[in-house]
Amino acid sequence: MKNIVVILSFICYIASISSSAQQLASPPNIILILSDDQDIELHGMHPLQQTMQLFNMFGSQFTHAFTTSPICCPSRASLLSGQYAHNHKTFNNSLNGGCNGQHWREKFEPRALPVLLQQHNYQTFYAGKYLNQYKGAEVPPGWQEFHGLHGNSRYYNYTLRENAQNVSYTDTYLTDLLTERAANFIRNAIQKKPVKQPFFAMIAPPAAHEPFTPAPRHAGSFADVYALRTPSFNVPHKDKHWLVGSSKHLSNAAVSTIDTYFQKRWETLLSVDEMMTTLVAVLNETQSLTNTYIIYTSDNGYHLGQFAQPFDKRQPYETDIKVPLLVMGPDVPKNQLIHIPVSLLDLAPTILEWAGISVPDYMDGRSFKEELVAANKNLTLQTTMHERTLLIEYWGEGNDETFNPLCPWQRKDHLSQCSPVAECHCQDAWNNTYACVRDFRYNLDRIYCEFQDTEHFVEVYDLSEDPYQLTNIVNDILPIEQATYSILLDKLRKCAGKKCSE
């Protein structure tokens, strides 16, 4: 593991270089690290102490960063395309739900972020989990070097599509392998002769996704830690939509399982912390740190016991939709909290602007490049980013095939994510479908959600007064407010391109 003191000394030296010298180094390199199911609300960044120290001293942390869909495949498709799920048509993690389906492969992959970067002379690299239904038949377009995981996250016994071939591994810890591959790519990319090209590297480790397997060196590191007992922990709330509102108190055994998962999730992230310090050290060794942007984020959050739900994502609550987002690089302010609301849609436009590439009109997200530049110069930028609404959308999974005979439900119920270890509390269903407006206009901090179930249920929370979303205030807001939100939500669910951020 790289010593953080040594790395900080490197950066302290580099930070002393004038900003004008940084601006001469163009175009920049870009590294994006995308973790899996890493929450921010339940202190999911705590295990990454060295990463946090780096970004606290030399980068910025966004306090209001969100996924646009709290599940892996749609979220990753949105990040790569810069588009909402209702536009790229990846609705859930199933092949039938569009995950790595024909429509995605034919219509959206060919114009996704790596393709645009490669067309503008960028070397491109991918390592780790791609899309849940990716099976390694071929390398997706735009990636010059590709080490993509077959299927969903795992830590051992996996197969990677390694450029022209598929290679299986049994005993090699995946996060460590990804770190090694990324470090080698960076060294080779920097030393490429005779023409040096900028690079874009995206690394997607399995942490903190199930099966929550830490590297042996980290096993037991958080054995004395318990899952965060938020005010909603193991407390059923009847004012929620039916899937959550039907929750019952979890047994002591279920709570013990939640504690174990919480510990192991943190332990899996320790190897990601080592990944970050290793890559920063390589950037320093190759004298490329001053001209490299580094982004750290996750595809979605995760809940552990909130509202007596055992463990999963897929819900429209802050635990599930809020994600970590840290950025460092040229013109990024140091040791700052950035409070503008952003979503994973905004990463592709921002990366393109950093690279000096025009943002296509079909992208729904918007770049926050200028906001970072203004913050770095202590300027007040006249921007509508602060007065923003974000769309959160999800389409429930549940059909005959998701039936679990070990739980006391029927196949025709079309429930999903049911297991005895979760006391057969199903975490998803065919009609767990909703759309929400995350509203930051007029100094508000609200979320308004409409569910497409038999009740047409509505949930509204004022997070400035109720940060744990304990009280649904739908009956307290004025009818005109609800009608206005409903109209806005309908508009957002149909928006495309710049219309999504007007």
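Just so it is clear, the model here is predicted, and its values are computed rather than measured.

Draft legend 1. Examining the nonpolar core more closely. Core analysis: the largest hydrophobic core is formed by 47 residues, its most contacted members being Phe62, Leu117, Tyr130, Phe200, Met202 and Leu325. Here the element with the most residues in this core is helix H12 (residues 347-354); it accounts for 5 residues. For Phe200, the residues in contact, after removing those within four places along its chain, are Ile30, Leu32, Leu113, Leu117, Tyr122, Gln123, Thr124, Phe125, Trp143 and Ile351. Membership of the second largest hydrophobic core comes to 45 residues, among which are Ala208, Val272, Leu279 and Leu289.

Draft legend 2. Seen up close, the packing of helix H8 (residues 174-190) against helix H10 (residues 252-285). Axis separation between H8 and H10 bottoms out at 10 Å; the angle between their running directions is 10°. The angle between H8 and H10 falls in the class roughly parallel. Crossing geometry of H8 relative to H10 is assigned as right-handed. Seen from H8, the contacting residues are Thr175, Asp176, Leu178, Thr179, Ala182, Ala183, Ile186 and Arg187; seen from H10, they are Ser271, Val272, Met275, Thr278, Leu279, Val282, Leu283 and Glu285.

Draft legend 3. Spatial organisation of helix H4 (residues 72-81). The buried fraction of H4 is high, at 10 of 10 residues. Residues of H4 that are buried include every one of Cys72, Cys73, Pro74, Ser75, Arg76, Ala77, Ser78, Leu79, Leu80 and Ser81, and no others. Just past H4, the residue Gly82 takes up positive phi, approximately 70°.

Draft legend 4. Spatial organisation of the packing of aromatic side chains. Within the structure shown, the criterion is met by 28 aromatic pairs. Taking 5.0 Å as the distance between ring centres and 10° as the angle between the ring planes, the aromatic pair formed by Tyr448 and Tyr485 counts as stacked. Residue Tyr448 is located in strand E19 (residues 446-451), and its partner Tyr485 is located in helix H14 (residues 479-494); the two are separated by 37 residues in the primary sequence. Here the two residues Tyr448 and Tyr485 agree in accessibility, since each one is buried. Here the aromatic cluster, defined as three or more aromatic residues joined through ring pairs, consists of Tyr126, Tyr130, Tyr134, Trp143, Phe146 and Phe200. Geometry around Tyr362 places Arg111 over its ring, the cationic atom sitting 3.8 Å from the centre.

Draft legend 5. Molecular detail of the sheet that holds strand E20 (residues 458-462). Strand order in the open sheet formed by 4 strands is E15-E18-E19-E20, with antiparallel pairing between adjacent strands. Of all strands in the sheet, those with a lone pairing partner are strand E15 (389-394) and E20, marking the two edges. Direction aside, the axes of adjacent strands within the sheet are offset by 15° on average. Taken together, the 6 bridges between E15 and strand E18 (residues 434-439) define a ladder with antiparallel strand orientation. Bridging from a neighbouring strand, Leu391 pairs with Val437 of E18.

Draft legend 6. Spatial organisation of the sheet that holds strand E8 (residues 199-204). Spatially, 10 strands are ordered E7-E6-E5-E4-E8-E1-E9-E12-E2-E13 in an open sheet, and the strand pairing comes out mixed. Every other strand in the sheet has two partners, leaving strand E7 (165-169) and strand E13 (336-338) as the edge strands with one partner each. With strand direction ignored, the average angle separating the axes of adjacent strands in the sheet is 15°. With 4 bridges connecting them, strand E1 (residues 29-35) and E8 associate as parallel partners. Across the sheet, residue Ile30 finds its bridge partner in E8, namely Phe200. Most of the contacts of helix H3 (residues 49-58) go to strand E12 (residues 325-328), to which it runs at about 55°, and overall it touches strand E2 (60-62), strand E9 (292-298) and E12. Packing of H4 onto the sheet brings it into contact with E1, strand E4 (123-129) and E8, and relative to E1 it is tilted by some 170°.

Cut-offs applied
Residues numbered from 1 in each chain as written. Predicted model: local features only at pLDDT ≥ 70, side-chain atom pairs only at ≥ 80, totals over all residues. Heavy atoms only, no water. Core = buried A, V, L, I, M, F, W, Y, C linked by side-chain atoms within 4.5 Å. Buried < 20%, exposed > 50% of the residue type's maximum accessible area, 1.4 Å probe, protein only. Helix = DSSP H or I, 4+ residues; strand = E, 2+ residues; numbered from the N terminus. Contact = heavy atoms within 4.5 Å. Axes fitted to C-alpha atoms, helices over the stretch in contact; angles between N-to-C directions. Parallel < 35°, antiparallel > 145°, perpendicular 65-115°, else oblique. Left-handed = near helix turned anticlockwise from the far one by under 90°. Phe/Tyr/Trp six-rings, centres within 6.5 Å; stacked < 30°, edge-to-face > 60°. Lys NZ or Arg CZ within 6 Å of the ring centre and 35° of its normal. Pairing = 2+ DSSP bridges.

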